[in-house]
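Listed below, chain by chain, are the residues.
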Amino acid sequence: MRGVENLAIAQALVDLADLHELGGTLPFKVRAFRSAARAIEGFGGNVAELARTERLAEVRGVGDGVARRIKELLETGKIAEAEALRAKLPPGLLDLMNLPGIGLKTAQQVWQERNITTVDELEKAAHEGRLRDLPRFGEKREEKLIAAIAAWRKRAAAPKRRPLAEAMVAAEALVAKLSVIPGVLACDYAGSLRRRSETVGDLDILVAASSEDAPRIMDAFATAPGVVELLGKGDTKTSVVLDGGMQADLRVVPRESWGAALQYFTGSKDHNVAMRTLAVKKKLKVSEYGVFDDQGAKIAGEDEAAVYEAIGLTWMPPELRENRGEIEASQKAALPVLVELSDLKGDLHMHTTETDGKSTLDDMAAAAKAAGRSYIAITDHSETLTFVRGMTRERLREQKKKIRETEQRQGIRLFAGIEADILADGTMDLADHLGELEWVVGSVHQKLQMPRDEMTKRVVRAIESGKIDCLGHPTGRQLGQREPSEMDMEVVMAALAKAGVAIELNCSPLRLDVNEHLAKMAREAGVPVVLSSDAHSVRELAYLRYGVGIARRAWLGPEHVLNTRSAEQLQAWRTERRG
DNA sequence: GCCGTTTTCGGCCCGACTGTTTTCAGTCG
Ligand SMILES: Nc1nc2c(ncn2[C@H]2C[C@H](O)[C@@H](COP(=O)(O)OP(=O)(O)OP(=O)(O)O)O2)c(=O)[nH]1
Ligand SMILES: [Mg+2]
Ligand SMILES: [Mg+2]
Ligand SMILES: [Zn+2]
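Being a predicted model, the structure only gives us computed values, none of them experimental. (Residues numbered from 1 in each chain as written. Chains lettered and ligands numbered in written order. Predicted model: local features only at pLDDT ≥ 70, side-chain atom pairs only at ≥ 80, totals over all residues. Heavy atoms only, no water.)

When you go through chain A residue by residue, the secondary structure sums to 23 helices and 17 strands. Here the C-alpha radius of gyration of chain A, 26 Å, is about what a compact globule of 579 residues would show, namely 25 Å. Considered along the principal axes of its C-alpha atoms, chain A spans approximately 80 × 60 × 45 Å. For chain A, the proportion of its 579 residues judged to be buried stands at 54%. Between the centroid of the 82 positive side chains of chain A and the centroid of its 86 negative side chains there is a distance of 2 Å. (Helix = DSSP H or I, 4+ residues; strand = E, 2+ residues; numbered from the N terminus. Rg over C-alpha atoms; globule rule 2.2 N^0.38 Å. Buried < 20%, exposed > 50% of the residue type's maximum accessible area, 1.4 Å probe, protein only. Lys, Arg positive; Asp, Glu negative; His and termini not counted. Charge placed at Lys NZ, Arg CZ, Asp CG, Glu CD.)

Counting 81 residues, the largest nonpolar core has L203 and L531 as the members making the most contacts within it. Among the elements that line this core, the one with the most residues is helix 10 (residues 164-179), at eight residues. Residue-level mapping places this core at the junction of two domains, with at least three residues from each of domain 2 (162-253) and domain 4 (341-577). Core analysis: the next-biggest nonpolar cluster, separate from the first, contains 48 residues, V30, L93, I116 and L134 among them. (Core = buried A, V, L, I, M, F, W, Y, C linked by side-chain atoms within 4.5 Å. Domains from an automatic or database assignment.)

A few words on helix 20 (residues 489-499). The set of residues buried in helix 20 consists of M489, V492, M493, A495 and L496. Each buried residue of helix 20 lies within a common arc of 160° when the element is viewed along its axis, so the set occupies one face. The elements touched by buried residues of helix 20 are helix 19 (452-464), strand 15 (470-471), strand 16 (502-506) and helix 21 (516-525). Of the residues trailing helix 20, G500 is marked for its positive phi of about 70°. (Arc of directions from axis to C-beta. Contact = heavy atoms within 4.5 Å.)

Turning to the packing of helix 19 against helix 20, a few remarks are in order. Packing of helix 19 against helix 20 brings their axes to within 9 Å, and their N-to-C directions diverge by 5°. Here helix 19 lies roughly parallel to helix 20, going by the angle between them. Each of T456, V459, V460 and I463 in helix 19 lies in contact with helix 20, whose residues at this interface are V491, V492, A495, L496 and A499. Of the residues in the contact of helix 19 with helix 20, the class split is eight nonpolar, one polar and no charged. (Axes fitted to C-alpha atoms, helices over the stretch in contact; angles between N-to-C directions. Parallel < 35°, antiparallel > 145°, perpendicular 65-115°, else oblique. Nonpolar A, V, L, I, M, F, W, Y, C, P; charged D, E, K, R; others polar.)

On the protein side, the magnesium ion (ligand 3) has D202 (OD), D204 (OD) and D249 (OD) as donor atoms, found 2.0 to 2.4 Å from it. If you list the donors of the magnesium ion (ligand 3) from N- to C-terminus, the spacing comes out as D-x1-D-x44-D. A spacing of 3.6 Å is found between the magnesium ion (ligand 3) and the magnesium ion (ligand 2), which share D202 as a donor. Placement of the pair is D204 in strand 4 (residues 202-208) and D249 in strand 7 (residues 247-253), with a sequence separation of 45 residues. Taken individually, D204 and D249 each receive the classification buried, so the pair is uniform in this respect. (Donors = N, O, S within 2.8 Å, 3.2 Å for Na, K, Ca; no water.)

For the rest of this paragraph, the subject is the sheet that holds strand 6 (residues 237-242). Judged by pairing direction, the sheet is mixed, and its five strands sit side by side in the order 2-4-7-6-5 without closing on themselves. What marks the edges here is a single partner per strand, and that holds for strand 2 (186-189) and strand 5 (227-233). Direction aside, neighbouring strands of the sheet carry axes that sit 20° apart on average. Taken strand by strand, helix 13 (residues 258-266) contacts strand 2, strand 4 and strand 7, and its axis lies near 175° from that of strand 4. (Pairing = 2+ DSSP bridges.)

A word on helix 18 (residues 393-410). Helix length check: helix 18, at 18 residues, gives a terminal C-alpha distance of 25 Å against a target of 26 Å (1.5 Å per residue), a fit within 8%. All of the buried residues along helix 18 are L396, Q399, I403, T406, E407 and Q410. The arc that holds the buried residues of helix 18, viewed along the axis, is 100°, so those residues lie on one side. Turned more than 90 degrees from where helix 18 packs its buried face, E394, K401 and Q408 sit exposed. On its buried side, helix 18 packs onto helix 17 (361-370), strand 12 (375-378) and strand 13 (413-421). One or two steps after helix 18, the chain reaches G411, where phi turns positive at roughly 70°. (Expected span 1.5 Å × (residues − 1).)

A sheet is described by the order of its strands in space; here three strands give the open sequence 8-9-10, paired in antiparallel fashion. Across the chains shown, the open sheet's two edge strands, defined by having one partner strand only, are strand 8 (285-287) and strand 10 (298-300). Averaged over all pairs of adjacent strands, the angle between strand axes in this sheet comes to 35°, irrespective of strand direction. As judged from the two bridges shared by strand 9 (residues 290-292) and strand 10, these two strands associate in the antiparallel manner. Each residue of the ladder has a partner; that of F292, found in strand 10, is K298.

Let's shift gears to the protein's contact with DNA strand B. Lining the immediate surroundings of DNA strand B are 49 residues, of which R31, G63, R136, V273 and Y289 lie closest. For DNA strand B, the fraction of protein-proximal atoms (within 4 Å) that sit in sugar or phosphate groups is 76%. Within the side chain of R276, one N or O atom sits 2.9 Å away from a base oxygen of DNA strand B. K285 places a polar side-chain atom, nitrogen or oxygen, 2.9 Å from a phosphate oxygen of DNA strand B. Elements represented by at least two residues in the surface near DNA strand B include exactly helix 2 (27-42), helix 4 (64-76), helix 7 (104-114), helix 9 (139-157), strand 5, strand 7, helix 14 (269-281) and strand 8. The greatest single-element share of the surface near DNA strand B, amounting to six residues, is contributed by helix 14. Here the residues of the surface near DNA strand B are counted per class, giving 15 nonpolar, 13 polar and 21 charged. (Near = heavy atom within 4 Å. Polar contact = N/O pair within 3.5 Å; in protein donor to acceptor, adjacent residues only side chain to side chain.)

With that out of the way, let us pick up the site of ligand 1. Taken together, 15 residues surround ligand 1, and among them R161, S192, G201, D202 and D204 come closest. S192 places a polar side-chain atom, nitrogen or oxygen, 2.5 Å from an oxygen atom of ligand 1. Here an oxygen atom of ligand 1 sits 3.4 Å away from a polar atom, N or O, in the main chain of T266. Notes on ligand 1: free accessible area 590 Å², of which the protein chains cover 71%. Residues belonging to the shell around ligand 1 are distributed by class as follows: three nonpolar, six polar and six charged. (Areas by Shrake-Rupley, 256 points an atom, 1.4 Å probe, with all protein chains shown as cover.)

A few words now on the pairing of strand 13. Across the nine residues that make up strand 13, a large majority, eight, are buried. Note that strand 12 and strand 13 share four bridges and pair parallel. Counted as the bridge partner of I378 is A416 from strand 13. In this region the chain leaves strand 12, passes through helix 18 and returns to the parallel neighbour strand 13; the handedness of that crossover is right-handed. Relative to strand 14 (residues 439-443), strand 13 runs parallel, the two sharing five bridges. (Right-handed = clockwise from strand over helix to strand, strands pointing away.)

Printed below as a string of structure tokens:
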């Protein structure tokens, strides 16, 4: 329920902002509500839990005022202030405002001048040509409006944000295509994808080119295969809808603005606003074209790091650019060194054809070695998962022999491990056999929807069993498909820390479990994080890259990630804990 | 409403695209 609950709170704040805007409230107050809504939406933890413990103001952008309104919403199911504003307005007006291309002014205009308050009425009026005589309206706007409403209806059903991996694959293909167009001097993706958000709203692509070449490049983009709709095209910017339903924005800037444009287009919006505000205080102006002094002279622009340095900051990894303290850290020269893919020496969760994997032990070992891993753990499912032919004691002993033989032959350290089920009562499947194994991931696969207290007890019991090395995909969430299990993560983290058990950041694209917020909690609790692919085929060994992005967003350095250590160090860590 | 080594008061980013505009407002990123 957590994701849903946070989203519902964020939506209530967006509505509150809209209602205030319609009611004529000061624009900066409206902006504050919208900013708080973004902060809540991007907050990976349990907002309701924060509210209970009076810690809402820890979220940047949420102060006492918004905290009070959130608590009211959670306690009573509504915000009285919003309801009072709503009562003064016709129902439907908010929907109207949220149509693409329609904002405050137009909604007010059609309401007051034409008595239109719903999307249906607006569509009808446009069809009948009853809008064209309004100020700043015309036939063309009527046509556009009809198309926009149709598109909005169609897209209302489709999921809006896409998982990071899906967006990355699509963006890399697009960048590859654009890069070979003559005149393209540089091309990369920016936006939430470059920041490695777990979900991505659209693709933001940046190109450096001369202004003479720009129109031809944008034409190529607008007519590329896979583009189903052109949303807009100007001198420097083109927006399209791709066949998967995702929107893509292309921005073309001169080479001398590449760094500033990359900075701008990478965001986040709140990071941009914060750093630009800082620049203003230093009598500087930052835009996508560069940094300019009070005489209008350009002092940076071609290089992204130089843009930050020009306003007294240092370059910072895109994953940190969320206005969650990175600007202050940069000012104090206290930015963390973040973990990188190349730091990962091993991969401690994967499956083979013994259970539900598609590749053999041999192939997995060879592929992992080729990918630069110096060790891996083979962790097939345990006996209770009969539908994937979970491993029995006998088969595990057989597999261990094969692992030893393969290890010799392939020249990569292999740990004979298991992904053992945490049963409903918190005991471990194959409990009496786990001591024979060299790496034990403990995971919940069945009965994911227990009451919060029961689930917490169940997981804590498994952690305290002394039989597991790492808690696998701790919340069980799957993006867009399954909400995280309810449990008290504070209690779970404390149990992990006490027992010396690691926590997994499962890098499988739809899992990314734990998420960035829980990964941060783990770091603060001193619980080592393991980045694992949970690969079910050789191809999926590459999933680690997605989890690295999430780990970096959680401000994790190599020292916080267990599988940055060598096989020997890992074994030492394990023995030390087992005492 | 939020926030803070220039502020607990007084600020709060900046530019592109569209349609209708004869100089710009509205919306969006
Ligand atoms: N300075 C400034 N930059 C903005 C603003 N809105 C958006 N940007 C920049 C930062 C964003 O990361 C970038 C791309 O905009 P998007 O709307 O695509 O946002 P983003 O990619 O961050 O998130 P998304 O996953 O697409 O919802 O443009 C703004 O109001 N001001
Ligand atoms: Mg985007
Ligand atoms: Mg965008
Ligand atoms: Zn699993």
